[in-house]
Amino acid sequence: MMSPNDNLADSERGCGQRLRAAREAAGLSVAEVGSKLKMTSRIIEALEADDWARIGAPVFVRGQLRSYSRLLGLPVQPVQMASGVAPIEPTRLVPRTQTPRMQRITDQVGGRLVYIVITALIILPVWVATQSHVAGVQDTGAPLDLPTDKLAANAAPSGSAPVEPSTVVASMASLPQRHAAAVPTLSLRFTGDSWVQIIGPDGHSVEEALLKAGDTRSYPAGEVGRLVLGNASAVEVRSNGQVRDLAPYMRANVARFTVSSDGSLAPVSD
């Protein structure tokens with residue numbers, strides 16, 4: 001009987017064929033492998049059939065190949081190389097010093113102009129409303145040094161009895177407070193490296209990247225429809241300002257869930 005290493009040494013066999021041969025040599029069924037790895041039978045069958053499209057992003061394929069190979073006692077690197085799935089490289093960051101000087105100056109001037117315009121848009125309506133109120137008081141009010149009896153005599157019609165001056169009470173009610181800015185419906189905070197795949201309600205890809213520890217992401221209501229988080233234990237998910245428990249949506253430390261328009265989470269059906 002051939003050993004797992006003999007199967008792995010056969011260069012003509014595909015990645016899935018090697019895994020299947022090693023599993024059968026170990027006397028394990030698909031259900032037993034799925035129970036040990038906390039994976040569904042659909043994922044195990046996809047790995048053995050080299051059907052990466054059924055699994056998801058390349059980073060998920062490589063991670064599940066790693067777990068499967070270790071369970072069967074196979075070298076991880078040859079199995080991953082045989083799969084043809086390349087490792088994900090982080091996005092290359094361009095240092096600020098490489099940005100042209102004229103572009104940096106333009107960005108700084110543009111930012112200051114935007115700040116000035118926003119400040120003017122906030123202050124101008126308040127100033128206009130204040131001036132209108134002051135002008136109305138000056139037009140209708142009487143001089144402060146005019147005696148009360150003369151004020152009543154001037155206000156009363158000719159031939160009628162003097163009218164007692166009325167007491168004016170200033171209102172001490174506070175002005176209505178403005179509501180605080182709305183909290184983003186969904187926010188992510190990463191305490192470790194994790195692959196994310198974020199899809200909008202209409203099926204378009206919002207973001208797909210390998211994020212680092214310390215990164216954060218925020219999304220307004222209605223922008224996110226479905227999420228896949230690799231290394232989900234290193235991601236804090238907040239919905240409407242509350243931390244959400246990802247345990248109901250995790251399999252093999254990969255969380256898959258949907259986000260409704262009101263910010264509630266639900267598992268993704270297989």
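Residues numbered from 1 in each chain as written. Predicted model: local features only at pLDDT ≥ 70, side-chain atom pairs only at ≥ 80, totals over all residues. Heavy atoms only, no water.

Novice: Quick question: what am I supposed to make of the sheet that holds strand E7 (residues 242-243) here?
Specialist: Hydrogen bonds between backbone groups are what pair the strands of a sheet, and the pairing can be parallel or antiparallel. In space, the four strands of this open sheet follow the order E4-E1-E6-E7, with antiparallel pairing throughout. Of all strands in the sheet, those bounded by a partner on one side alone are strand E4 (216-219) and E7. Here four bridges tie strand E1 (residues 186-190) to E4, and the two strands are oriented antiparallel to one another. What sits directly across from Ser-187, in E4, is Ser-218. (Pairing = 2+ DSSP bridges. Helix = DSSP H or I, 4+ residues; strand = E, 2+ residues; numbered from the N terminus.)

Novice: I tried to follow helix H4 (residues 41-48) on my own but got confused; where do I start?
Specialist: For the α-helix, the turn length of 3.6 residues means that residues three or four positions removed from each other point alike. Considered for burial, the residues of H4 that qualify are Ile-43, Ile-44, Ala-46, Leu-47 and Glu-48. Looking at the buried positions of H4, the neighbouring elements they touch are helix H2 (15-26), helix H3 (30-37) and helix H5 (58-72). Backbone geometry just after H4 places Asp-50 at a positive phi near 55°. (Buried < 20%, exposed > 50% of the residue type's maximum accessible area, 1.4 Å probe, protein only. Contact = heavy atoms within 4.5 Å.)

Novice: Looking at this structure, I do not really get the packing of aromatic side chains. What am I missing?
Specialist: Here a ring pair, both rings aromatic, is described through the centre-centre distance and the interplanar angle of the planes. Enumeration over the complete set of coordinates arrives at one aromatic pair. Considering the side-chain rings of Tyr-249 and Phe-257, the 5.5 Å spacing of their centres and the 45° angle between planes classify their relative orientation as tilted. (Phe/Tyr/Trp six-rings, centres within 6.5 Å; stacked < 30°, edge-to-face > 60°.)

Novice: Mind showing me how you'd approach unusual backbone geometry here?
Specialist: Outside of glycine, negative phi angles account for most residues, and trans bonds account for most peptide bonds. Even without glycine at this site, Asn-240 takes up a positive phi of about 55°. Residue Ala-252 is not a glycine yet carries a positive backbone phi of 55°. Tracing the sequence through the fold places Ala-252 in the loop between strand E8 (250-251) and strand E9 (254-259). Taking the relative accessible area as the measure of exposure, Ala-252 reaches 37% and is therefore partly exposed.

Novice: Mind showing me how you'd approach empty space enclosed by the protein here?
Specialist: Rolled over the atoms, a probe as big as a water molecule pinpoints where empty space is left. Under the counting rule described, the total for this entry stands at one cavity of 30 Å³ or more. Within this model, the largest cavity holds a volume of roughly 40 Å³. Every residue lining the largest cavity is listed: Thr-185, Leu-186, Tyr-219, Pro-220, Ala-221, Gly-222, Val-224, Val-259 and Ser-260. Looking at the lining of the largest cavity, its residues break down into six nonpolar, three polar and no charged. (1 Å grid on protein atoms, 1.4 Å probe; cavity = no way out; pocket = protein on both sides within 12 Å on 5 of 7 lines; lining within 4 Å. Points joined across faces, edges and corners; volume = space filled by probe spheres on them. Nonpolar A, V, L, I, M, F, W, Y, C, P; charged D, E, K, R; others polar.)

Novice: For this particular structure, what's the right way to read the pairing of strand E6 (residues 235-239)?
Specialist: Walk down a regular strand and you will see the side chains alternate between the two sheet faces. Residues Val-235, Val-237 and Ser-239 line the buried face of E6, whereas the alternating positions Glu-236 and Arg-238 sit on a face that is not buried. Across five bridges, the pairing between E1 and E6 is antiparallel. Residue pairing for E6: Phe-190 is matched across the bridge by Val-235. As judged from the two bridges shared by E6 and E7, these two strands associate in the antiparallel manner. For Arg-238, the partnering residue across the bridge sits in E7 and is Val-243. In this antiparallel pair of consecutive strands, E6 and E7, the connection spans two residues, and Asn-240 shows a positive phi of 55°.

Novice: I'm lost on the confidence of the model for the chain in this one. Help?
Specialist: It should be kept in mind that the predicted coordinates are not to be read in detail where pLDDT is low. On average, residues of the chain score 77 in pLDDT, and 71% of them are at 70 or above. Contacts of residues 1-12 to residues separated by more than four positions or lying in other chains number 17 contacts, the stretch itself having pLDDT below 50. (pLDDT = per-residue confidence, 0-100.)

Novice: Explain the nonpolar core to me, please; I cannot follow it from the model alone.
Specialist: A general feature of soluble globular proteins is that nonpolar side chains tend to end up buried together. Membership of the largest hydrophobic core comes to 26 residues, with the highest contact counts inside it found for Leu-19, Leu-47, Trp-52, Ile-55, Leu-65 and Tyr-68. Listed by contribution, the elements that provide at least two residues to this core are H2, H3, H4 and H5. By residue number, the principal contributor to this core is H5, which donates five residues. Contact partners of Leu-65, with chain neighbours within four places excluded, come to Cys-15, Leu-19, Leu-47, Trp-52, Val-79, Gln-80 and Ser-83. Counting residues in each nonpolar core, the second largest holds 20 residues, with Leu-188, Ala-209, Leu-211 and Val-224 among its members. (Core = buried A, V, L, I, M, F, W, Y, C linked by side-chain atoms within 4.5 Å.)

Novice: I would appreciate a short explanation of H5 in the present structure.
Specialist: Over its 15 residues, H5 extends 21 Å from the first C-alpha to the last, a length consistent with the 21 Å expected when each residue adds 1.5 Å. Restricting attention to buried positions, one finds in H5 the residues Phe-60, Val-61, Arg-62, Gln-64, Leu-65, Tyr-68, Ser-69 and Leu-72. After H5 finishes, the residue Gly-73 shows a positive phi value of roughly 75°. (Expected span 1.5 Å × (residues − 1).)

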